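Per-entry structural report
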Amino acid sequence: PVIPVGMQTSFPVDLSLVNHEAEAGFNMLTAEQDLLKKTLRQRQEYMDHMANLGIRVNYNLTALTGAKEKSTTIRDIKKIILKEIEEFRDHPALLSWYLAKEPDNQGKVCSHPDSLKAIYDFVKASDPYHPVVVRLSSPRNFQYRDAADILMVAPSPIPQGSLREVKDYTRILRENAWLEKPVWIMPQTSGGNLWVQREPTPQELRAMSYMAFIYGA
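Read on for an overview of the structure.

What counts, and at which threshold
Residues numbered from 1 in each chain as written. Predicted model: local features only at pLDDT ≥ 70, side-chain atom pairs only at ≥ 80, totals over all residues. Heavy atoms only, no water. Pairing = 2+ DSSP bridges. Helix = DSSP H or I, 4+ residues; strand = E, 2+ residues; numbered from the N terminus. Axes fitted to C-alpha atoms, helices over the stretch in contact; angles between N-to-C directions. Contact = heavy atoms within 4.5 Å. Expected span 1.5 Å × (residues − 1). Buried < 20%, exposed > 50% of the residue type's maximum accessible area, 1.4 Å probe, protein only. Core = buried A, V, L, I, M, F, W, Y, C linked by side-chain atoms within 4.5 Å. Parallel < 35°, antiparallel > 145°, perpendicular 65-115°, else oblique. Left-handed = near helix turned anticlockwise from the far one by under 90°. Nonpolar A, V, L, I, M, F, W, Y, C, P; charged D, E, K, R; others polar.

Looking at the sheet that holds strand β2 (residues 28-32)
Sheet architecture is open: seven strands sit in the order β1-β2-β3-β4-β5-β6-β7, paired in parallel fashion. With partners counted over all chains shown, the strands left at the sheet margins are β1 (6-10) and β7 (183-185), one partner each. Pairwise comparison of adjacent strand axes, ignoring direction, gives a mean angle of 30° for this sheet. With four bridges joining them, strand β3 (residues 56-60) and strand β4 (residues 94-101) adopt parallel strand pairing. Considered in β4, the bridge of tyrosine 59 is made with tryptophan 97. Across the sheet, helix α2 (residues 40-53) touches β2, β3 and β4, and the angle it forms with β3 is around 155°.

Section: helix α6 (residues 164-177)
Over its 14 residues, α6 runs 20 Å from end to end, which matches the ideal 20 Å to within 8%, given 1.5 Å per residue. Restricting attention to buried positions, one finds in α6 the residues Val166, Lys167, Tyr169, Thr170, Ile172, Leu173 and Ala177. Looking at the buried side of α6, the elements it contacts are β5 (132-136), β6 (150-153), β7 and α7 (202-214). At the exit of α6 stands leucine 179, carrying a positive phi of roughly 75°.

Section: the nonpolar core
Grouped together as the largest cluster of nonpolar side chains are 48 residues, with contacts concentrated most on Leu29, Tyr46, Tyr59, Ile81, Trp97 and Leu99. When residues no more than four places from it in sequence are discounted, the contact partners of tyrosine 59 are Gln33, Leu35, Arg43, Tyr46, Met47, Glu84, Phe88, Leu94, Ser96, Trp97 and Tyr98. Within the second largest apolar cluster, seven residues are counted, among which are Met28, Leu95, Met152 and Trp184.

A look at helix α4 (residues 74-88)
Given a rise of 1.5 Å per residue, 15 residues ought to cover 21 Å, and the 21 Å separating the end C-alpha atoms of α4 matches this to within 8%. For α4, the secondary structure elements touched by its buried residues are α2, β3, α3 (62-65), β4 and α5 (113-126).

Remarks on the packing of α6 against α7
One way to put it is that α6 packs onto α7 with a least axis distance of 9 Å and a crossing angle of 25°. It follows that α6 is roughly parallel to α7 by the angle criterion. Crossing of α6 over α7 shows right-handed handedness. Residues Arg164, Val166, Lys167 and Thr170 of α6 pack against Met208, Met211 and Ala212 of α7. Looking at the contact of α6 with α7 residue by residue, the classes come out as four nonpolar, one polar and two charged.

Any functional reading would require information beyond the geometric quantities listed.
See below:
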């Protein structure tokens, strides 16, 4: 059993940053990575480093399933994903496959639940031992539940909304997935240089984290 205390970072991974966060108690990492052949060595290096630190990796495949190019086909996606699975399915740092990021936002190759389910089935056939994670934009989009073993949402209530959004997102998803799918909550940490006015305060971030646990994440 593992309770993931995760961090998301850019690619290539800054290993000095990860060293610092490991000391602070983080035990899971997701890198916003490409899956190009020329960067495979960089992915191998950070995976090896994570294993040495005792950090597990939610291995990011969303650059493929989130593509919007009409020329990208399900067959193309499966071919590239299989190479990643064969490379890393036995790696000690691997925790899960991060298959899709907000497929319920339309216009992506795997926007339709059936398309994503086909990719999910392919991943599970290639590696039945690691869970598959899908991040939804809304906890009410249950049509994707069969394309994942773990469902994740990322409420962003700061500063326009209410912290209760974290409770609602967690409760809605848990009530519709409980006993079938674990629920992961990604508390909002972004702000400033992105599309929101400011980052959450430490107190707000702590409140969001505990609220997720209290309501069943």
